[in-house]
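Coordinates in review
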Amino acid sequence: MVSLAILYSHIGFGQSTDIFRIDYMNIPENDTGIKTQRYKILFNLPIQLNAKKDYLLTGMEYNRFDMGYSRDFPFDKSELIRFHVVDLNLGFITKWNENWNLVTILTPRMASNFTSGTITDDFFLNATATLWKEQPNADKPFRIVLGLTYNSTTGLPVPLPLINYYRRFHPKWSYTLGIPKTSFNHYISKKHSLEMALFLDGYFMNIQDNIILPDNQVASKISLTALVATVGYQYNLTKNMSLFLMAGRSIEQEGKLRNDDQGDVFLLNNESNLYIRTGFKIGIF
């Protein structure tokens, strides 16, 4: 699950179909004395290239993580207070055949506490290639995404599969099966909907000034893996523009310090937490 959370923390257009999003997440303090807040802004711009409706996809995403610690650790916590993640998206969308679209995206990433500007270890690279098919006007509309995604932070040298399937099987009900998110939705009206969801969340970031632990191990990375169950509410301002709020709890959670080989060197947090997230988004669906 750790590898999956790191891998799917950002997989581009294959799962995130937002054009614009402002998002706030709060994981309150638990028994381990750690709390996390995340502020996110995302912007993607599809640019039509020709009459065939090929698109160039450009965009960026910024996340700021603020950490709080009420317990003592056997090392200096000052390096672990604030982190930043900056993604640049460059992709291409084209018609593969009559039914399928091909989506390819390259995502350079900078993820670090940036205490001394930027260094080589702050840089990561993600890439995604998917086939995307949808029938929005069918009696039971559906969408399916099949592909491969590669993330340099997983430690796995090969691309891993990406699958996402959405079906609206009733005018008031739909479900989505996939990674990092599976959900079940009830549409109360055109303006109001409810969602039950199970999804992976987390991060993997560089620590510029390595932390020397009491056993002489060296921590150079920090990661969080969380499997979260939530109930959410969405208010649709328009067909593609909405406000949302979700609240729930992590079922499994591990916050760790890691070395350059991504091995575990110190366990920060393995207790479940409350999970709260809210924001505004503009999507293509």
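Residues numbered from 1 in each chain as written. Predicted model: local features only at pLDDT ≥ 70, side-chain atom pairs only at ≥ 80, totals over all residues. Heavy atoms only, no water.

If you look the protein up in an unreviewed UniProt entry, it shows as DUF6268 family outer membrane beta-barrel protein from Flagellimonas iocasae.

Observations concerning the packing of aromatic side chains
With the rule as written, the count across this model stands at 13 aromatic pairs. Each member of the aromatic cluster is reached from another via a ring pair, and the members are Tyr 165, Phe 169, Trp 173, Tyr 175 and Phe 184. The aromatic ring of Tyr 166 is capped on one face by Arg 143, whose charged end is 4.8 Å from the ring centroid. Above the ring of Phe 244, the side-chain terminus of Lys 281 is found at 5.6 Å from the ring centroid. (Phe/Tyr/Trp six-rings, centres within 6.5 Å; stacked < 30°, edge-to-face > 60°. Lys NZ or Arg CZ within 6 Å of the ring centre and 35° of its normal.)

Some points on the pattern of salt bridges
Throughout the structure, instances matching the rule amount to 14 salt bridges. With a shortest N-O distance of 2.9 Å, Arg 21 and Asp 23 are connected by a salt bridge. According to the relative accessible area criterion, Arg 21 is buried, its value standing at 13%. Under the relative-accessibility criterion, Asp 23 is labelled buried at 2%. One salt bridge connects Asp 264 with Arg 258, and the closest N-O pair in it is separated by 3.2 Å. Classification of Asp 264 by relative accessible area gives partly exposed; the value is 45%. Bridged by salt links that share partners, the residues Asp 18, Arg 21, Asp 23, Arg 38, Asp 201 and Arg 277 form one connected network. (Salt bridge = Lys/Arg side-chain N within 4 Å of Asp/Glu carboxyl O. Buried < 20%, exposed > 50% of the residue type's maximum accessible area, 1.4 Å probe, protein only.)

Topic: the environment of Pro 74
Positionally, Pro 74 belongs in the loop between β3 (55–69) and β4 (82–95). Remark: the alpha-carbon pair of Pro 74 and Pro 214, spanning 140 residues in sequence, is separated by 6.8 Å. Leave out the neighbours within four places in its chain, and Pro 74 touches Pro 214 and Phe 266. (Helix = DSSP H or I, 4+ residues; strand = E, 2+ residues; numbered from the N terminus. Contact = heavy atoms within 4.5 Å.)

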